[in-house]
Structure formats: structure tokens, C-alpha cells
Amino acid sequence: MTPRTPLTFTSFTPKPFTETDVEIRVTHCGICGTDVHTLRSGWAPTDYPCVVGHEIIGIVERIGSNVPNLASSSASREIRVGDRVGIGAQSGSCLKADCEACADGQESYCTRMTGTYNGRYADKSKSYGGFAEHWRGPAHFVFKIPDALPSAEAAPLLCGGVTVFAPLKKYGVGPGKKVGIIGIGGLGHIGILFAKALGAEHVVAISRSSSKKADAVQGLGADSFIATGEEKGWAKTHSRTLDVIISTVSGPDMPLSQYLRLLKRDGVFVQVGAPEDPLPPLAAFSLIQKGVKVTGSNIGSPGDIRDMLKLAAEKRVLPWVQKRDMRDVNATLGDMHDGKARYRFVLENGETSQEKARL
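If you're wondering where the values come from, they're calculated on a predicted model, not measured in any experiment. (Residues numbered from 1 in each chain as written. Predicted model: local features only at pLDDT ≥ 70, side-chain atom pairs only at ≥ 80, totals over all residues. Heavy atoms only, no water.)

(A) Representation of helix α12 (residues 329-337). Of all the positions in α12, only Val 329, Thr 332, Leu 333, Gly 334, Asp 335 and Met 336 are classed as buried. Where the residues of α12 are buried, they touch α1 (33-39), β14 (321-325) and β15 (344-348). Among the residues trailing α12, Gly 339 stands out with phi positive, at a value near 75°. (Buried < 20%, exposed > 50% of the residue type's maximum accessible area, 1.4 Å probe, protein only. Helix = DSSP H or I, 4+ residues; strand = E, 2+ residues; numbered from the N terminus. Contact = heavy atoms within 4.5 Å.)

Here it is in C-alpha cells:
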């Protein structure tokens, strides 16, 4: 299977409805790079048939009887019929007290994590995503969308947004911190927006060419730009200038050792892009000389998503999106594969009157 293999519009049987589930009518669903990798079995064999899509926005139509008991006392976490909600890349975990990840509120690292699609729930039923008219799944992984966020712009936040927000938050990005974002695409452009929203002192956009410099600096608010394919000696020129680097690129030929030169002592390099091929080799002295850390980050926890949505609403963090009709999914996937997204495609099933009033 390739990204251009036509998807077929058909019916499917979702997981059995339980009293801790919700069912929504899907209005919007962003297209994520993970969708393309999964459709072509890029990371591992896909469990076909598969309904991809895990940047889902929709309207709650059905709620299990035990869902109110799962919500906290915070009104922002209560879910009611008619609410506008979102679902990200995860729709299940064990949620057991003896699970270190779940007990720590880090459900995305649970060894029994269930992806929103191409996964299996505890009852062995398959998980299906948001390239559909309806979605059904556990309420624990469903989030109310703040009124300040339009649905099309909110959709990419549920996966792409939290994927960059979580490490920025974890590694203390804020006033006084200098941050580099590698790759100005679906993930990277949101990374710039969130780094600025968190109050970073200086945000550097890093890309191979200067073709996206205007977008990064004038449009997204980056403070400076490094074109690694055009600026001779860039690693030396900008050596020891950054506290944190978020890498959204996924090429096996990325100049990893040179990227690490940009970090200050004790700096952190976080890989969030997930290539199908191995990352390039790394010399030990790239780590030893400055005590830098090379790590990765996996989507984000439910707590991260709530924090992200709150900040996005307060600071008006709005991804750059291009809206397409859900029925045009095959052409849109082809355009995404060809790098035509600027910078996130969002599929629409049709706006509701409630959504039109909100806009």
C-alpha cells in the first residue's frame, strides 16, 4: 500500500459501546504524518482494514452512564451531550493503580496503550479513527474544546500540537530560554507558535533552505532562522546558543552531530519526528563535551492536552490549516505526500450551525 492507494468509503463496526464510552459525530479531522505511515505499513504491518485519523473534533451524541463519575469536579472536564470535543492519538490505556505510567498521569507511556486507530482495546475490539462520520471510544481520552478555538484549527492540536507542546513544557521552555525548532512543517510550525506562547526568550527556526523563512519569522513569529543547506559553517556560527531543540524532521541523513553543537551545556535535544529508517550515528563526544541530553517524546498525556488547549485558547495559538472535504481524502493524502500542506490539512464533514455561530 502507498499513500496514493485510494481509500474506500464503506461501513465498519466500532468497539462495543460501554458505560465509560462516548460517541461523537465527527465534524473535522486533521491529517497527520502518522496516517500516511500507517496506511503504507511504514513502521510495522498495519491491521487492515484501518480507519486512520487521530486529530478529531466532533459533537457528543451519546454518553455512557458511568462517564459523569469519571470526570473531576472541574467543569472544563465534564462532558455532556452536545459538547464540542476532541480526541487525539491515544484512546486507551490500562488506567490501573499499579501501572507506573498511568498512576503518574503519563498514560501515553502505558505499555498497554491503545492508539486511536490500528490498535486493540482490552476486549480485543479494534480501534478506528476519525476519517469517518462517527467515532466511539473511552471518555477518559476525550477533551472539551475551548470556545476560543475554531474546530478546524483545534483539530491539529490534538496530536501535532501536543506532540511539540509536551516536551516544551517538560523541559521548562519559558522566559529566559532559547529554543530551536527543526523542520518548518505540520509539527514544526506549531512548535514555533507554542514556544512563543510559553514566553521563550528567543525562538530559532531551522530548515534546510530559506524557502520558509518568511513564514517562520514574519508569519509564525520566530526570532531568527538558520538555513542549514545554505549557510556555510552554521553549526560553528551558532554553537552553544540554545537550551532546547525540538526536532520534527524524520530523515536518516539529518546532521544530528551538528544540531547538538547548537546546544548549550546541559542542553536538551528532543526527537519527536518518527522516521521509518534509523537515525544517523552519533559520536560519543557530541554528548560528553557539554553533558547534553538526547531524548524523545511520545505525543502527550491527557493532562498535557488539557494544559495545551488552555494555553492555545488564552494565547490564540492557531495552526495554519487548509480545509478539505472529507470526500476528497484521497486527493488530499496525495497532496500531503507531495509536501503541499501549508501546514496542516483538515478534513471536514460539514460545519454545524453551532460551529458557524462560534466562528
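Moving on from the coordinates now.
(B) Up close: empty space enclosed by the protein. Applying the stated criterion to the full structure yields three cavities of 30 Å³ or more. Around the largest cavity, the lining residues are Gly 88, Ala 89, Gln 90, Phe 141, Phe 143, Leu 158, Val 162, Ile 299, Gly 300, Ser 301, Pro 302 and Ile 305. For the lining of the largest cavity, the class distribution of residues is eight nonpolar, four polar and no charged. In this structure, the second largest cavity encloses a volume near 60 Å³. Grouping the amino acids of the lining of the second largest cavity by side-chain chemistry returns five nonpolar, three polar and three charged. (1 Å grid on protein atoms, 1.4 Å probe; cavity = no way out; pocket = protein on both sides within 12 Å on 5 of 7 lines; lining within 4 Å. Points joined across faces, edges and corners; volume = space filled by probe spheres on them. Nonpolar A, V, L, I, M, F, W, Y, C, P; charged D, E, K, R; others polar.)

(C) Local environment of the state of the cysteines. Per the stated rule, a full pass over the model turns up zero disulfides. We note that Cys 94 lacks a disulfide partner, and the nearest cysteine sulfur, in Cys 99, lies 3.6 Å from it. Judged by relative accessible area, which is 18%, Cys 94 ranks as buried. (Disulfide = S-S within 2.5 Å.)

(D) Examining the nonpolar core more closely. Counting 47 residues, the largest nonpolar core has Ile 192 and Phe 194 as the members making the most contacts within it. Among the nonpolar cores identified, the runner-up in size contains 31 residues, and Ile 24, Leu 39, Ile 87 and Tyr 117 belong to it. (Core = buried A, V, L, I, M, F, W, Y, C linked by side-chain atoms within 4.5 Å.)

(E) Summary view of the pairing of β14. Bridge analysis of β14 against β15 gives five bridges, and the strand direction is parallel. By the bridge assignment, Asp 325 is partnered in β15 with Glu 348. For the crossover that starts at β14, traverses α12 and ends in the parallel β15, the hand is right-handed. (Pairing = 2+ DSSP bridges. Right-handed = clockwise from strand over helix to strand, strands pointing away.)

(F) Quick peek at the packing of helix α5 (residues 160-170) against helix α6 (residues 188-197). Between α5 and α6, the least distance of the axes is 9 Å, while the angle of their chain directions is 45°. Between α5 and α6, the angle falls in the class oblique. Crossing of α5 against α6: the hand is right-handed. Packed against α5, whose contacting residues are Gly 160, Gly 161, Val 164, Phe 165 and Leu 168, the element α6 presents Ile 190, Gly 191, Phe 194 and Ala 195 at the interface. (Axes fitted to C-alpha atoms, helices over the stretch in contact; angles between N-to-C directions. Parallel < 35°, antiparallel > 145°, perpendicular 65-115°, else oblique. Left-handed = near helix turned anticlockwise from the far one by under 90°.)

(G) Inspection of the environment of Ala 284 at higher detail. Within the fold, Ala 284 resides in the loop between β12 (263-271) and α10 (285-288). On the basis of relative accessibility, which here comes to 46%, the residue Ala 284 falls in the partly exposed class. Spatially, the C-alpha atoms of Ala 284 and His 202 are 28 Å apart, while their sequence positions differ by 82 residues.

(H) Quick look at the layout of surface pockets. Estimates place the volume of the second largest pocket at around 710 Å³. What lines the second largest pocket is a set of 29 residues, among which Thr 8, Thr 10, Phe 12, Val 51 and Phe 131 lie closest to the centre. At three residues, strand β6 (residues 134-138) tops the list of elements feeding residues into the lining of the second largest pocket. Looking at the lining of the second largest pocket, its residues break down into 18 nonpolar, five polar and six charged.

(I) Structural view of the sheet that holds strand β8 (residues 178-182). One open sheet holds the six strands; their spatial order is β10-β9-β8-β11-β12-β13, and the pairing between them is parallel. Two strands in the sheet have a free side with no partner beyond their single neighbour: β10 (224-227) and β13 (293-296). For this sheet, the mean inter-axis angle between neighbouring strands, taken without regard to orientation, is 20°. Two elements, β8 and strand β11 (residues 242-247), share four bridges in a ladder whose sense is parallel. Of the residues in β11, the one forming a bridge with Gly 180 is Ile 245.

(J) A look at the environment of Ser 210. Assignment of secondary structure puts Ser 210 in the loop between β9 (202-207) and α7 (213-219). Those residues in contact with Ser 210, other than ones at most four positions away along the chain, are Phe 225, Ala 227 and Glu 230.

(K) How the structure looks around the pattern of salt bridges. For the coordinates displayed, the defined rule picks out 18 salt bridges. A salt bridge links Arg 136 to Glu 23; the shortest N-O distance between them is 2.7 Å. Of the two residues, Arg 136 sits in strand β6 while Glu 23 sits in strand β1 (residues 21-30), which places them 113 residues apart along the sequence. For Arg 136, a relative accessible area of 19% gives the class buried. Its relative accessible area of 16% is what places Glu 23 among the buried residues. As a salt-bridge pair, Asp 83 and Lys 144 come within 3.9 Å of each other at their nearest N and O atoms. Here Asp 83, found in the loop between α2 (67-70) and β3 (84-87), pairs with Lys 144, found in strand β7 (residues 142-144); they are 61 residues apart in sequence, far enough to count as distant. Looking at Lys 144, the relative accessible area reads 28%, which means it is partly exposed. (Salt bridge = Lys/Arg side-chain N within 4 Å of Asp/Glu carboxyl O.)

Keep in mind these numbers describe shape, not what the thing actually does.
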